[in-house]
Amino acid sequence: MKRHFATFTNGCIQFLNVQLFISLATLPILALWGIPFSVMSPAGNLIFNPFLTVFLLCASLIFFTELLYIPNGWLVKILELVTSFWSWCLSWSSKTWLVGFYKPLAGATLLLALIALIMAHHKHWGKPLSNALTLIILSCSALLLALCKSSDTSFELVCGRKKVLIISKQGKIVVDDRGALALKRSPEDWINFTLVPALIQKTGNCKVDHVIVHNPARSTFEGLRALTERIPVKTVALPFFDTQKSKGGWRSFFALRSTARSEKVTLIRTKPPLVAQS
């Protein structure tokens, strides 16, 4: 019994070492590229590794049983149960678990990654238990770095002939869209690969307090929907728009409203155009 317990404990320590080391090693890349990091990644890998193993095993067996004309209804049911339970677990996820690193702190995250690498290969400190304690301390230091945000600042992102003004003031983030979202055929890509990374790099924040829109269009609604799905957003201010919009425009607006309700985003309708104060 003691031997089995020792084997289980050593396995947990080794898993913790691997997950924390991988997390620390990827932090410099995430900081440079403006990609948010989930603090629940190690726990998620621990929980979902068994589900992933069962899923791949069942999917592989179903593939081969189909080729060999072997009845596999019970395998399909197991796969459906695993998938349903996996989806149910994912429904409990939260965007508040995401943290971002202010780009000037990329050097500090690189230092933490180098320390973790040295400790992992050190003759004495590289032992499983001592290495795990060291990685835990380094991980806590990384979380403290994530709490460091930029001071009050503002910057613009240009999209065609239009722009988006982002203002960080007293810990509040305001995104003032001045027609940029309406220019993109695929505003979701621009949100995911330009706006959000720039926001994280220059402010260290993974959230938006207020979004102000001046001239909404169909692509604007699609971009706002992508933004609310990607990071936490508190309020979106939309002016009353032309009632002659196309059916596609109304469809995009109602999709945005549905997403806003599910993500607990407050939609504010305004008559006069709003202007953010920098």
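Residues numbered from 1 in each chain as written. Predicted model: local features only at pLDDT ≥ 70, side-chain atom pairs only at ≥ 80, totals over all residues. Heavy atoms only, no water.

Enquirer: Mind laying out empty space enclosed by the protein, listing which residues take part and the relevant values?
Expert: Per the stated rule, a full pass over the model turns up one cavity of 30 Å³ or more. Here the largest cavity defines a volume of roughly 30 Å³. Every residue along the wall of the largest cavity is listed here: Val164, Val175, Asp177, Leu181, Leu195, Val211, Leu224 and Leu227. At the level of elements, β5 (172–177) and α7 (218–230) are the ones that each hand at least two residues to the lining of the largest cavity. (1 Å grid on protein atoms, 1.4 Å probe; cavity = no way out; pocket = protein on both sides within 12 Å on 5 of 7 lines; lining within 4 Å. Points joined across faces, edges and corners; volume = space filled by probe spheres on them. Helix = DSSP H or I, 4+ residues; strand = E, 2+ residues; numbered from the N terminus.)

Enquirer: Could you give me a rundown of the packing of aromatic side chains, with the residues and numbers involved?
Expert: By the definition in use, this model includes eleven aromatic pairs. Pairing Phe55 with Trp86 gives two aromatic rings, centres 6.1 Å apart and planes at 85 degrees, and the pair type is edge-to-face. With Phe55 in helix α2 (residues 41–67) and Trp86 in helix α3 (residues 73–90), this residue pair connects regions lying 31 residues apart in the sequence. Considering the side-chain rings of Trp250 and Phe254, the 5.9 Å spacing of their centres and the 25 degrees angle between planes classify their relative orientation as stacked. Taken together, the residues span about one helical turn, with Trp250 and Phe254 both in helix α8 (residues 247–262) at a distance of four residues. Put simply, the rings of Phe48, Phe51, Phe55, Phe85, Trp86, Trp88 and Trp92 touch in pairs and so form one group of aromatic residues. (Phe/Tyr/Trp six-rings, centres within 6.5 Å; stacked < 30°, edge-to-face > 60°.)

Enquirer: Any details on the packing of α2 against α3? Residues and values, ideally.
Expert: Contact geometry of α2 with α3 gives a least axis separation of 9 Å together with a crossing angle of 150 degrees. In terms of orientation, α2 and α3 fall into the roughly antiparallel class. Taken as a pair, α2 and α3 cross one another with a handedness that is left-handed. Contacts between α2 and α3 pair Phe48, Phe51, Leu52, Val54, Phe55, Cys58, Ala59, Leu61, Ile62 and Thr65 from the former with Leu75, Val76, Ile78, Leu79, Val82, Thr83, Phe85, Trp86, Cys89 and Leu90 from the latter. Here the residues of the contact of α2 with α3 sort into 18 nonpolar, two polar and no charged. (Axes fitted to C-alpha atoms, helices over the stretch in contact; angles between N-to-C directions. Parallel < 35°, antiparallel > 145°, perpendicular 65-115°, else oblique. Left-handed = near helix turned anticlockwise from the far one by under 90°. Contact = heavy atoms within 4.5 Å. Nonpolar A, V, L, I, M, F, W, Y, C, P; charged D, E, K, R; others polar.)

Enquirer: Describe the pairing of strand β7 (residues 233–239), naming the residues involved and giving the relevant values.
Expert: In terms of burial, β7 is largely enclosed, as six of its seven residues are buried. Assessed by its sense of winding, the connection that carries the chain from strand β6 (residues 208–213) through α7 to β7 is right-handed. Where β7 meets strand β8 (residues 266–270), five bridges bridge the pair, whose relative direction is parallel. When the bridges of β8 are listed, Leu238 appears paired with Arg269. (Buried < 20%, exposed > 50% of the residue type's maximum accessible area, 1.4 Å probe, protein only. Right-handed = clockwise from strand over helix to strand, strands pointing away. Pairing = 2+ DSSP bridges.)

Enquirer: Just give me the short version of the environment of Val76, but keep the residues and values in it.
Expert: Take Val76: it is sitting in helix α3. A relative accessible area of 30% places Val76 in the partly exposed class.

Enquirer: Please set out α2 residue by residue, giving values where relevant.
Expert: In this model, α2 (27 residues) spans 37 Å end to end at C-alpha, consistent with the 39 Å of a helix rising 1.5 Å per residue. Of the positions making up α2, those classed as buried are Pro42, Gly44, Phe48, Phe51, Cys58, Ile62 and Thr65. After α2 finishes, the residue Tyr69 shows a positive phi value of roughly 55 degrees. (Expected span 1.5 Å × (residues − 1).)

Enquirer: Provide a residue-level description of the environment of Leu147, including the pertinent values.
Expert: Within the secondary structure, Leu147 sits in the loop between α5 (128–146) and β3 (153–159). A relative accessible area of 64% places Leu147 in the exposed class. With 47 residues separating them in the primary sequence, Leu147 and Gly100 have C-alpha atoms 8.5 Å apart.

Enquirer: An account of the packing of helix α4 (residues 106–121) against α5 is needed here, citing residue identities and associated values.
Expert: When two helices pack together, you describe them by how their axes are tilted relative to each other and by the distance separating the axes. In the contact formed by α4 and α5, the axes pass within 10 Å of each other and the chain directions differ by 180 degrees. In terms of orientation, α4 lies roughly antiparallel with respect to α5. Residues Ala108, Thr109, Leu112, Ile115, Ala116, Met119 and Ala120 of α4 form the contact with α5, whose own contacting residues are Asn131, Thr134, Leu135, Leu138, Ser141, Ala142 and Leu145. Residue composition of the contact of α4 with α5, by class: ten nonpolar, four polar and no charged.

Enquirer: Kindly report on the nonpolar core, identifying the contributing residues and their values.
Expert: Of all hydrophobic cores here, the largest spans 33 residues; its most connected members are Ile166, Leu195 and Val211. Where this core is concerned, the elements lending two or more residues are β3, β4 (162–169), β5, α6 (187–203), β6, α7, β7 and α8. When near neighbours in sequence (up to four residues on either side) are disregarded, Leu195 contacts Leu157, Val164, Ile166, Val175, Trp190 and Leu227. (Core = buried A, V, L, I, M, F, W, Y, C linked by side-chain atoms within 4.5 Å.)

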